[in-house]
Each structure stands twice: as C-alpha cells, then as structure tokens.
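Topology and contacts: notes
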Amino acid sequence: MAMITLRQLRYLSALAKYGHFGRAAEACAVTQPALSLQIRDLERILGVAVVERRPGDVMLTDVGREIARRGEEVLAASRDLVDFARHRSGVLTGRLTLGVIPSLAPYLLPRILPALQTRFPELRLELRETQTRQLVEDIKSGALDAALLALPVDEPDLDAIGLFEDLFLLAVPSSDPRVETARVAAQDIDQSRLILLEDGHCLRDQALAFCATARGRTSGAAGTAFGASSLTTVMQMVAGGYGVTLIPQIAADVERRDGRVKFLRLENPQPGRRIGLVFRRTSPRKADFAALGEMVKQSLDIPTSQTAAKKRR
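Quick look at the structure, then. (Residues numbered from 1 in each chain as written. Predicted model: local features only at pLDDT ≥ 70, side-chain atom pairs only at ≥ 80, totals over all residues. Heavy atoms only, no water.)

Here D138 is to be found in helix α6 (residues 132–141). When residues no more than four places from it in sequence are discounted, the contact partners of D138 are R128, A143 and L144. (Helix = DSSP H or I, 4+ residues; strand = E, 2+ residues; numbered from the N terminus. Contact = heavy atoms within 4.5 Å.)

Right, dumping it as structure tokens:
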C-alpha cells in the first residue's frame, strides 16, 4: 500500500499558503511540474481531490484544506523528532529559530545576543521580527521554534515561560509642564494626541485597552488615524511635539537618550505587559527554552532560578 510522504505534505502546505503552483514550487525550490506531479500522487493515494485547478491559480478543496491543516501537524511533529535527535548532546546547540515582536526586538536583542554568542558558541540563531499573530502561526506550523512576545497566548497547543513584567510609561515632549516625578491617571491622557503603532501590534491593543478604562471608549484617539510600524517612529513624532504615546519600560530605557522627550509614570496599579517565551507543547527543546529564558533574565538583571537557588543555600 502506497503511503503519503512528508515531501507531498510540504508541497501541499506551500500550495495552501501561496495559492499558485509556480510560487509554491519556487518556495519549495523545485520545478512546477515536479510539485504538480507530487500533488497528483497525493490525490491518487488518498483517493480525493485536494486542489481545484483553475487558469492562473489554484484553490484547495474543502477536503484539501483539512488535509493541509492536519499535514501541518505532521510536519511540525517531524521537525520536533529531528530536534530531539540533534540536540540531545547539549543545551542551545545547532539551529534555533526565534521570533520576536517589533516592540521588543530592538530593545531586548542587543542585550542578549552578545551573551548568547559568548556562552553558547555552537548555537546558530535565526531571528524573525513580526507581529504576534504571525509568530503564533509560525510556532504552531513548526516554522519557528519559539517566540518572545506578550502573554497570555490563548492557544491550547502552545506553552509559555513567563520572563518579566514590562510596565508602561507615558512619553511626552520635554516641553510638557508636568515633572518627571508626576503620576498620570488614565483619564488625564489626552486621547486626541495619542500616537500608537499601526493595527496588528499587540502594544497598540494594550494601550487602547488601558485608555478605555478612563472613558469606556477610544474614539478620537490619534492612534486610530495614524499608525507607525516601529516605536522609534512613534517616538520621533512625540519628540517633534505631535503627540504622546504609551511606551514599555524596556523601550524607554533606550529612547530616553533623546533629550526632546521625557517619561511619566502612570498611577497605580501601573499598566504593563508580561513578556514570555512561547513554544509548542510537544517540542523536545524545553531545556533550550529554559536556558534561553534564564539568559533573558540575566541580561535584564532579573533574579533567575539559579540565583534564587544560591540564595536559599
């Protein structure tokens, strides 16, 4: 009895992603006829049509979409199997694909990358910076091993290690009359001057949720009309006097170098986000993730499990 292959599942996954034989073949580094032949063999083995061929593009059938979804689980499990075999020799060796959200990457990575290179020279780290939704999908499919992002992530197939609390500050132009020791209430933030990241960034959603506690709505917030893809761009707008923004503490530590801005603390309970390392529950690399989490804490001078253990002795 003929059996389906991982190659066929990879090709079907590419078709599901690109909706085009040519682009799927290019992504898989094969010729279009070779990919098409494997898909036909897959259909013959399964006895069902998985794709609907149309001039210029291709669309998966209902059965094909379900097979592609289940195939992603098989592909992820096969990657985990390879990881299990390859990484038993030591912690943080070989290839590790790590995702990071944009509001964290430029502020955290410079702190942890030098230490990782020094302590784990056999680690080959590959990074991807993008929004939370895409990172979660990439972890689930096996395209990423893990990601640093804001918790919680409500996905039953994923697990997380909490790392640190990142409080929010209000960034204002240095000409703002309030002193830096002032505490600002949510209702005192002028939402008509609030500048936020563009839609899709979790930091934008968190900022709007906090401001909504003051008025129960976010209409009139500048963030609904203007959005940037990076906090650096937002901070340049604030420095230029165009508005204010909520910024995580880890970013403020870097952005405060610009003398045109200052940062005000918010009233208790201070809002913030919890940063964690997210990965598949089935991943065999939990020792790697634990070690990586310890490195993040050490880079931020946060007590780690090792330091806590030493204190107990």
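Let us now look at the packing of helix α5 (residues 105–119) against helix α10 (residues 286–299). Between α5 and α10, the least distance of the axes is 9 Å, while the angle of their chain directions is 120°. Regarding the angle of α5 to α10, the classification is oblique. Handedness of the crossing formed by α5 with α10: right-handed. Facing α5, whose interface residues are L108, R111, I112, A115, L116 and R119, α10 presents L292, M295, V296, Q298 and S299. Counted by class, the contact of α5 with α10 contains seven nonpolar, two polar and two charged residues. (Axes fitted to C-alpha atoms, helices over the stretch in contact; angles between N-to-C directions. Parallel < 35°, antiparallel > 145°, perpendicular 65-115°, else oblique. Left-handed = near helix turned anticlockwise from the far one by under 90°. Nonpolar A, V, L, I, M, F, W, Y, C, P; charged D, E, K, R; others polar.)

This next bit is on the layout of surface pockets. If you add up the space inside the largest pocket, you get close to 1300 Å³. In terms of lining, the largest pocket is formed by 37 residues, of which the most central are E72, R79, S141, G142 and A143. Broken down by secondary-structure element, the contributors of at least two residues to the lining of the largest pocket are α1 (6–18), α4 (62–86), β3 (94–100) and α6. Looking at the lining of the largest pocket residue by residue, the class counts come to 10 nonpolar, eight polar and 19 charged. (1 Å grid on protein atoms, 1.4 Å probe; cavity = no way out; pocket = protein on both sides within 12 Å on 5 of 7 lines; lining within 4 Å. Points joined across faces, edges and corners; volume = space filled by probe spheres on them.)

Inspection of the secondary structure assignment puts R128 in strand β4 (residues 123–129). Residues R128 and T93, spaced 35 residues apart in sequence, show a C-alpha to C-alpha distance of 19 Å. Dropping the residues within four chain positions of it, R128 is found in contact with L98, G99, V100, Q134, L135, D138 and L144.

Moving on: the pairing of strand β5 (residues 146–151). β5 sits mainly inside the fold: five of its six residues count as buried. Note that β5 and strand β12 (residues 272–280) share six bridges and pair antiparallel. Within β12, the residue paired with L148 across the bridge is L277. (Buried < 20%, exposed > 50% of the residue type's maximum accessible area, 1.4 Å probe, protein only. Pairing = 2+ DSSP bridges.)

This part is about the pairing of β3. Burial analysis of β3 places five of its seven residues in the buried class, the great majority of the element. Both β3 and β4 contribute to a ladder of seven bridges, which runs parallel. Note that in β4 the partner of R95 across the bridge is R124. You can see the chain leave β3, run along α5 and come back into β4, and the turn it takes is right-handed. (Right-handed = clockwise from strand over helix to strand, strands pointing away.)

For the rest of this paragraph, the subject is the nonpolar core. In terms of nonpolar packing, the biggest core is built from 70 residues, with L104, L148, L170, I189 and I247 touching the most fellow members. The contact partners of L170, leaving out residues within four places of it in the chain, are R178, V184, I189, V244, T245, L246, K262, F263, L264 and L266. By size, the runner-up hydrophobic cluster in this structure holds 16 residues, among which are L35, V50, L60 and I67. (Core = buried A, V, L, I, M, F, W, Y, C linked by side-chain atoms within 4.5 Å.)

It is generally the case that most residues other than glycine have a negative phi and that most peptide bonds are trans. The omega angle of the peptide bond from L151 to P152 is 0°, so this bond is cis rather than trans. Assignment of secondary structure puts P152 in the loop between β5 and β6 (158–173). Residues other than glycine seldom take positive phi values, yet A29 does so here, at roughly 60°. Counting through the fold element by element, A29 comes out in the loop between α2 (21–27) and α3 (32–46).

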